[in-house]
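# Summary of the model geometry
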Amino acid sequence: MQNILHFAQDSDTSGFFPQLAKWHDRSRYRMFFATLNPIAPWLRDYMQAQGVECFSCDCRNRGQYTLGMLRLARFLQHRQIDILHTHLFEPSVIGLVAGLLARTRTRVVTRHYSDYHTRINKRWHVRLDQLCTRLSHAVIAVSEHTAEHLIQVENAPREKVHAIMNGIDFDRAKPSAPDARERVRREFFAEDSYLLLIVARLHPEKGHHYLFEALRELRGLCDRSVRLLVAGKGTFESAYREEVRALGCEDIVSFLGFRNDAADLIAAADLLILPSLAEAFGLTLTEALYLGTPVVATRVGGIPEIVDDGIDGVLVPPADSKALAAAIVDLLNDRDKRHKMAGAGREKVVSRFRFEDMVRAYEAIYLQHSNDSLEGADARSLDSHSHV
């Protein structure tokens, strides 16, 4: 039995870590969960109910990160953690240094983002990404695009990078009730309107600005009125609300904040839109395809690895509101095309994006690098005895 600790930021709106707790191999691994910032109470309660011991570095600002690093290093040593698996940028920088200090035998990092730091020219962030690669024994990329960026741009050793697609838990990605679609459409007065949905963090990287501009352009071009639901939270909400008002679209746009019924929203929508400027994977796309909702998304990052253009969705260039509007209008006005796409991607998702398969692939990497560590330790031991 090996002890594995997953190290993250603070909360989890996607359900990723609760699903790790559900699907990890309990016969081989004892799972721990830790956060850099204060852990969300609901997440602690859930993980502990799953038998996962939790720990928080309780850092409330970056000035406390050094202390948090030392706290984590002590915890890694005290609990005799065999495998440290870090997620996201700041937890990976702090966590992997702590793992080095604690001499944690196997250190793994997942890159949940791809070329974001390079694209916005954050040189020190890129250097820290490269440091994380050096401090880890394995880097998991959530798409082939992310893997190639790591290797070609950040000069990561190819043998250290493993492309493992994110997975979804099909028990979780389903409507809450048979009438969920009708209930949601009634809630937002869309019984006789087309309903568009974006589920994403409120951040410029997700391309909301281009969707709002597209919404203005498509008004009057569809054979029915159109409404847009914006699910997600972020620091740009007030700016986005003001932009929607300035565009004259506030009467057809609803900002929902965080919703725990994303599957119901997706099932109710006529189209899911993801107009990202950069996207390592795009988990909401897999959920939409599984639920039978066609998608319109941008041809960036790992999105083309999920969406087959013209079959289960439409891909458009990023930062192009006119192309986005044209794709939306075309699908909304062509009922046969839209219905043909609905459900076309379901079997692909079932075969390629199972959360359980993703976890088993993670565990194969743990096993490989744990064995490498043991063989390296044995070799060093033999070498030291040969000099006695």
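Structure: see above.
Residues numbered from 1 in each chain as written. Predicted model: local features only at pLDDT ≥ 70, side-chain atom pairs only at ≥ 80, totals over all residues. Heavy atoms only, no water.

All right, on to the pattern of salt bridges then. Applying the stated rule across the entire model yields 27 salt bridges. Where Asp82 meets Arg105, a salt bridge forms, and the shortest distance between an N and an O atom there is 3.8 Å. With Asp82 in the loop between helix H3 (65-78) and strand E4 (83-87) and Arg105 in the loop between helix H4 (89-101) and strand E5 (106-111), this residue pair connects regions lying 23 residues apart in the sequence. For Asp82, a relative accessible area of 17% corresponds to the buried category. Here Lys322 ties to Glu217 by a salt bridge, and the two come within 3.6 Å at their closest N and O atoms. With Lys322 in helix H13 (residues 321-333) and Glu217 in helix H9 (residues 208-218), this residue pair connects regions lying 105 residues apart in the sequence. Using a relative accessible area of 58% as the deciding quantity, one classes Lys322 as exposed. By sharing partners, the salt bridges in this structure join Arg354, Glu356, Asp357, Arg360 and Glu363 into a single network. (Salt bridge = Lys/Arg side-chain N within 4 Å of Asp/Glu carboxyl O. Helix = DSSP H or I, 4+ residues; strand = E, 2+ residues; numbered from the N terminus. Buried < 20%, exposed > 50% of the residue type's maximum accessible area, 1.4 Å probe, protein only.)

A few words now on the sheet that holds E4. Across the sheet, which stays open at both edges, the seven strands sit in the order E3-E2-E1-E4-E5-E6-E7 with parallel pairing between neighbours. Strand pairing shows two members of the sheet lacking a second neighbour, strand E3 (53-56) and strand E7 (161-163), which therefore form its edges. Going from strand to strand, the sheet's axes swing by 20 degrees on average, the running direction of each strand aside. Taken together, the four bridges between E5 and strand E6 (residues 138-141) define a ladder with parallel strand orientation. Residue pairing across strands places Val108 opposite Ala138, the latter belonging to E6. Against the sheet, helix H1 (residues 16-23) engages strand E1 (2-8), strand E2 (29-35) and E4, with an angle of about 165 degrees to E2. (Pairing = 2+ DSSP bridges. Axes fitted to C-alpha atoms, helices over the stretch in contact; angles between N-to-C directions. Contact = heavy atoms within 4.5 Å.)

Across the sheet, which stays open at both edges, the six strands sit in the order E10-E9-E8-E11-E12-E13 with parallel pairing between neighbours. Edge positions in the sheet fall to strand E10 (253-257) and strand E13 (313-316), since each has one partner strand and no second. Going across the sheet, the axis of each strand differs from the next one's by a mean of 20 degrees, ignoring polarity. Bridge count between strand E12 (residues 295-298) and E13: four bridges; the pairing is parallel. Pairing of Val295 across the sheet is with Gly313, part of E13. On the sheet, H9 packs against strand E8 (194-199), strand E9 (226-231), E10 and strand E11 (271-274) and is oriented at approximately 170 degrees with respect to E9.

Ranked by internal contacts, the top residues of the largest apolar core, which has 68 residues, are Leu196, Leu215, Leu228, Val253, Leu285 and Ile328. A total of seven residues in this core trace back to one element, the largest contributor, which is H13. Counting residues in each nonpolar core, the second largest holds 26 residues, with Met31, Val52, Val108 and Tyr366 among its members. (Core = buried A, V, L, I, M, F, W, Y, C linked by side-chain atoms within 4.5 Å.)

At a closest axis distance of 8 Å, the pairing of H3 and H4 adopts a crossing angle of 50 degrees. One element, H3, and the other, H4, form an angle in the oblique class. Two packed elements cross with a definite hand, and for H3 against H4 that hand is right-handed. For the pair H3 and H4, contact is made by Tyr65, Met69, Leu70, Leu72, Ala73, Leu76 and Gln77 and by Glu90, Ile94, Gly95, Val97, Ala98, Gly99 and Leu101, respectively. (Parallel < 35°, antiparallel > 145°, perpendicular 65-115°, else oblique. Left-handed = near helix turned anticlockwise from the far one by under 90°.)

As a further point, take the packing of aromatic side chains. The geometry of an aromatic ring pair is captured by two quantities: the separation of the ring centres and the angle between the planes. All told, the structure shown has eleven aromatic pairs when counted by the stated rule. Between Phe32 and Phe75 the ring centres are 6.1 Å apart and the planes differ by 80 degrees, which places this aromatic pair in the edge-to-face class. You can see Phe32 sitting in strand E2 and its partner Phe75 sitting in helix H3, a full 43 residues away along the chain. What makes Phe75 buried here is its relative accessible area of 8%. Ring centres of Phe55 and Phe75 lie 4.4 Å apart, and the angle between their planes is 15 degrees; this geometry places the pair in the stacked category. Remark: Phe75 occurs in helix H3 and Phe55 occurs in strand E3; sequence separation between them is 20 residues. An identical accessibility class is assigned to Phe55 and Phe75; each is buried. (Phe/Tyr/Trp six-rings, centres within 6.5 Å; stacked < 30°, edge-to-face > 60°.)

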